[in-house]
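Now for the letters of each chain:
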Amino acid sequence: MTSETEKRNKMSQFQKDVISFLRLQYGKALAEADATEIYHSVSAAAMCQARKNWGRLEEGKKVCYFSAEFLVGRLVSGNLVNLGLADQTEELLRENGVDASVLEEIEDDALGNGGLGRLAACFLDSAATHGIAMNGYGIRYRYGLFRQSFENGFQKETADRWLRFGDPWSVRREDERVRVDFKGQSVWAVPYDYPVIGYGGRTVNTMRLWQAEPMEEFRFDLFNEQKYDKAYEERNRAEAISAVLYPNDDTDAGKRLRLKQQYFFSSASLRDLVKKYEGKYGGDFSHFSEEYAIQLNDTHPVVSIPELLRIFMEEKGMSFRQAFPIIRQTFAYTNHTVMAEALEKWSVKLFRSVIPQVYRYVMMLQRSLLKALEQKGITGQAQAPYLIMDGSLVHMARMAVYGSHAVNGVAQIHTEILKKSVLKEWYQLTPEKFQNKTNGITQRKWLLQCNPALSRFITERIGSGWITHLDQLKKMERFQNDPETLRRFGEIKRRNKQVLADYIEKVEGVTVSPDFLFDVQAKRLHEYKRQLLNAFSILDIYYGLKEGRIAGFTPTLFLFGAKAAPGYFRAKGIIKYISEIAKLIDGDPAVRGRMQVLFLTNYGVSYAEKLMPAAEISEQISTAGTEASGTSNMKFMLNGAVTLGTYDGANIEIVEQAGEDNNYIFGARIEEIEKIRESYDPVKLYQSNPRLRRAVDSLVDGTFSDGGTGMFRELYDALLKGASWHQPDHYFLLKDFDSYQETRLRANREYQNPELFYRKCYLNMANAGKFSSDRTIRQYYEEIWSNR
Ligand code: 26Q
């Protein structure tokens, strides 16, 4: 036998497939192939493996996760790990002189804004891993969230062309396309199916993303009449529906295209389910809710409720009394926000002009609601907070609660806020619907994949059970006093910092030192998340170091990662402001070697995978009562960072698990915020606190320049005079400034005792078990979807 044949005989089927695909498709051997070719071959060969178990779970109840966003990140790395092919791939590439990291150069993150989209992706992973039949339904946007760059410290947006290298992980199912009708327009919804591969590859579920296409490919009649533009028009109008993900992570009130997107994927997905159901049961829909559970990821797919009612009544001949109980038993609604402006409302006029056929059923729901209210003795003005339609607006959250059998918040405090304020009246009406499901993250992506060194370290000590049962991390507590364990743990963190530093050098062209303390705030840019408070604090530290007021300061690298919605002027101002602070500090030899500030470019899932393993302080500093849950807080914790945070969202539960002593909690709690809200006077605080005043004044006193945009003045006014729609310092930055600063400096001091500090980091990791999305999914399954 020649050595070539010998080599081939030793290869796995997967490895052989990679080689064959390369030869067939590109006529190349591995060593000659470029990154794109390797990426396609590896993906295609892995798809062959995934197919074996794809869609196996056809019996029993199917959960349908309806979501406008699935922020899956790069598919290739996760899929290879879950199929157990990561090592084989690396081996194959290595033997042919190729670095396995070439695979990472190809894909982009798809398709979501932030937490809500990423949560959907974590849920898909957890369900598939634990053999739960859950499929995702959403939109195959041609462009995902914009790509961010900076020009002179200002954010610039360009299109995210995530499909430019092709899409080897999807299968187009032309045969399963369905028609979606709008007033004056009908389009095809064509499904693209992506395998969702559970860890171990035994269960492979589906993420089905719909793409909008014209009913008629091309109008030759118009073309022949030389109406060239018209010939393309229908196509453009259809494709516009799935063209781009809206870059706002709150609302975009009144945008016709957004409503079209919502109806497009809701209607297509329901058609799909109804068709499959009929194939199995025929025209008797009484078992529908035994066959399907539909989870509504926020209000974005809530138009599904009247749409299913319409299908049942208009097309399947059911009465309201037959249809509605089935619908209610099918749907459940998750709320992700307490911000009033983020509770979706559509103007009746817009709604009727886009989907008049559905509007009739909204009215029917409203009539049914009114009857129910009356029966409970709720009449007249008392009905106001319940109205699905109040004159000119359709309230999607109200329709969601009315049409669902379960409603949940995403962390304990958040669910309490829903019950006590946002949906208070609904809670009084139907308390039995309300539940909490504290968010989680998948440890397969957020530890196993992104932090191989720490994963090995854990597995060496407690075995690999944690990969599917994260509670087992608790066993790591046993070693908390073992100096060797802590030393190794610290070493791993240190090495991960070096890896991040190298990456930053490569992509940002900036040198950072792994000797610094790594302090990270990474999340969407929002006033309530208070990146501006972080910035004020950094500036105050800078002055403190210069004046000698702060002694014994641990050199710190302050990292920010955040995208601002393109139309969110103040958020963009905060980005510019932080980059001005970074410039000031960079240019000042007096503080060089003691602090550095860097705004990372184009933060997203892939960047997060590099950031989490290296972070030591996790900034979770939202105003108490504003962050529904947060999930980056969990990712940092799992990778061994301490939380510097407020009593908000899931921070509260993090501290409950890991101990307050092992984290740094500061600031006003929700009770206090509520108490002082009416009488809050930020101007007084500003006037009586010279350090705070100096930081705030830097917005307008010439310390920095906003390039004549007026951005900094607007930020200043929002703090001291109030903005168009809210009172001054709506998010209590000034209130929490002192307490933040004090706590932050304490953390910084304690870092000088590495045994003490790393022990805290270690204990956070060991107590992160609760925050696995495996636990979350199990709770959804048992308490919402199984309908007991
Ligand atoms: C709505 C209408 C029109 C256009 C856009 C939107 C829109 C898009 C995205 C509204 C909201 C979002 C995303 C919200 C989000 O990510 N919320 C976060 O959800 C996480 C998962 O539950 C929580 O952890 C975070 O606290 C919450 O902010």
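Residues numbered from 1 in each chain as written. Predicted model: local features only at pLDDT ≥ 70, side-chain atom pairs only at ≥ 80, totals over all residues. Heavy atoms only, no water.

Looking at an unreviewed UniProt entry, one finds the protein chain named Alpha-1,4 glucan phosphorylase, with [Clostridium] leptum DSM 753 as its source organism. Taken verbatim from the UniProt record of the protein chain, the Subcellular location (unreviewed entry) comment is "Cytoplasm". Looking at the protein chain in UniProt, the text filed under Catalytic activity (unreviewed entry) is "[(1->4)-alpha-D-glucosyl](n) + phosphate = [(1->4)-alpha-D-glucosyl](n-1) + alpha-D-glucose 1-phosphate". (UniProt positions renumbered as here; feature names shortened; annotations may be inferred.)

Another point: the overall build of the protein chain. Across its full length, the protein chain holds 32 helices and 21 strands. Taking 28 Å as the expected radius of gyration for a compact globule of 788 residues, we find that the protein chain reaches 27 Å, a close match to that expectation. Per-residue burial over the protein chain gives 61% buried out of 788 residues. Considering only contacts within the protein chain whose residues lie at least 6 apart along the sequence, 75% involve residues at least 24 apart. (Helix = DSSP H or I, 4+ residues; strand = E, 2+ residues; numbered from the N terminus. Rg over C-alpha atoms; globule rule 2.2 N^0.38 Å. Buried < 20%, exposed > 50% of the residue type's maximum accessible area, 1.4 Å probe, protein only. Contact = heavy atoms within 4.5 Å.)

Let's shift gears to helix α31 (residues 754-766). A rise of 1.5 Å per residue sets the reference length of α31, with its 13 residues, at 18 Å; its end C-alpha atoms lie 18 Å apart and thus fit the reference within 8%. Listed in full, the buried residues belonging to α31 are F757, Y758, K760, C761, Y762, L763, N764, M765 and A766. (Expected span 1.5 Å × (residues − 1).)

With that out of the way, let us pick up the site of the ligand. Neighbouring the ligand are 21 residues; D250, H336, N439, E627 and G630 lie closest to it. Measuring from an oxygen atom of the ligand, one finds a side-chain N or O atom of H336 at 2.6 Å. Between the ligand and S629, the relevant distance is 3.0 Å, taken from an oxygen atom to a main-chain nitrogen or oxygen of the residue. Compared with its free state, where it exposes 620 Å², the ligand has 94% of that area covered by protein. Counting residues per element, the shell around the ligand draws most heavily on helix α6 (residues 115-129), which supplies three residues. A per-class count over the shell around the ligand returns five nonpolar, nine polar and seven charged. Looking at which domains feed residues into the shell around the ligand, each of domain 1 (109-439) and domain 2 (443-771) supplies at least three. (Near = heavy atom within 4 Å. Polar contact = N/O pair within 3.5 Å; in protein donor to acceptor, adjacent residues only side chain to side chain. Areas by Shrake-Rupley, 256 points an atom, 1.4 Å probe, with all protein chains shown as cover. Nonpolar A, V, L, I, M, F, W, Y, C, P; charged D, E, K, R; others polar. Domains from an automatic or database assignment.)

This next bit is on the UniProt feature "modified residue: N6-(pyridoxal phosphate)lysine" (unreviewed entry) in the protein chain. Here the UniProt-annotated "modified residue: N6-(pyridoxal phosphate)lysine" (unreviewed entry) positions come out as K635. Positionally, K635 belongs in helix α24 (residues 632-638). Judged by relative accessible area, K635 falls into the buried class, the value being 7%.

A few words on the nonpolar core. The nonpolar side chains of a soluble globular protein tend to be buried with one another. The biggest cluster of nonpolar side chains holds 139 residues, and the ones touching the most others in it are M134, F264, F288 and F351. It is helix α9 (residues 256-281) that provides the largest number of residues to this core, a total of nine residues. Beyond its immediate chain neighbours, meaning those up to four positions away, M134 contacts V63, Y65, F123, L124, A127, N205, I777 and W785. Membership of the second largest hydrophobic core comes to 129 residues, among which are I417, A501, Y607 and V642. (Core = buried A, V, L, I, M, F, W, Y, C linked by side-chain atoms within 4.5 Å.)

Structurally, the protein chain comprises domain 1 (109-439) and domain 2 (443-771). Averaged C-alpha coordinates put domain 1 and domain 2 at centres separated by 34 Å. In this assembly, 39 residues from domain 1 lie in contact with 51 residues from domain 2. Buried surface at the junction of domain 1 and domain 2, both sides included, amounts to about 3,400 Å², of which 57% is carbon and sulfur. Connecting domain 1 to domain 2 are two salt bridges. At the boundary of domain 1 with domain 2, the tally comes to 16 residue pairs in polar contact (both at pLDDT 80 or more). (Buried area = accessible area lost by both parts, 1.4 Å probe. Salt bridge = Lys/Arg side-chain N within 4 Å of Asp/Glu carboxyl O.)

The next subject is a negative patch on the surface. Taken together, the side chains of D87, E90, E91, E95, D99 and E105 define an acidic patch exposed on the protein surface. Counting through the fold element by element, D99 comes out in the loop between α5 (86-95) and α6. Given a relative accessible area of 52%, D99 falls into the exposed group. (Patch = residues over 30% accessible without salt bridge, like charges linked within 9 Å, V, L, I, M, F, W, Y side chains within 5 Å. Lys, Arg positive; Asp, Glu negative; His and termini not counted. Charge placed at Lys NZ, Arg CZ, Asp CG, Glu CD.)

Taken in spatial order, the three strands of this open sheet run β11-β13-β12, and their pairing is antiparallel. The open sheet terminates on both sides in strands that have one partner only, identified here as β11 (345-347) and β12 (389-390). Note: β11 against strand β13 (residues 393-395), three bridges, orientation antiparallel. Each bridged residue has a counterpart across the sheet, and for S347 the counterpart in β13 is L393. Where helix α15 (residues 396-403) meets the sheet, its contacts fall on β11 and β13, and the angle it forms with β13 comes to roughly 45°. (Pairing = 2+ DSSP bridges. Axes fitted to C-alpha atoms, helices over the stretch in contact; angles between N-to-C directions.)

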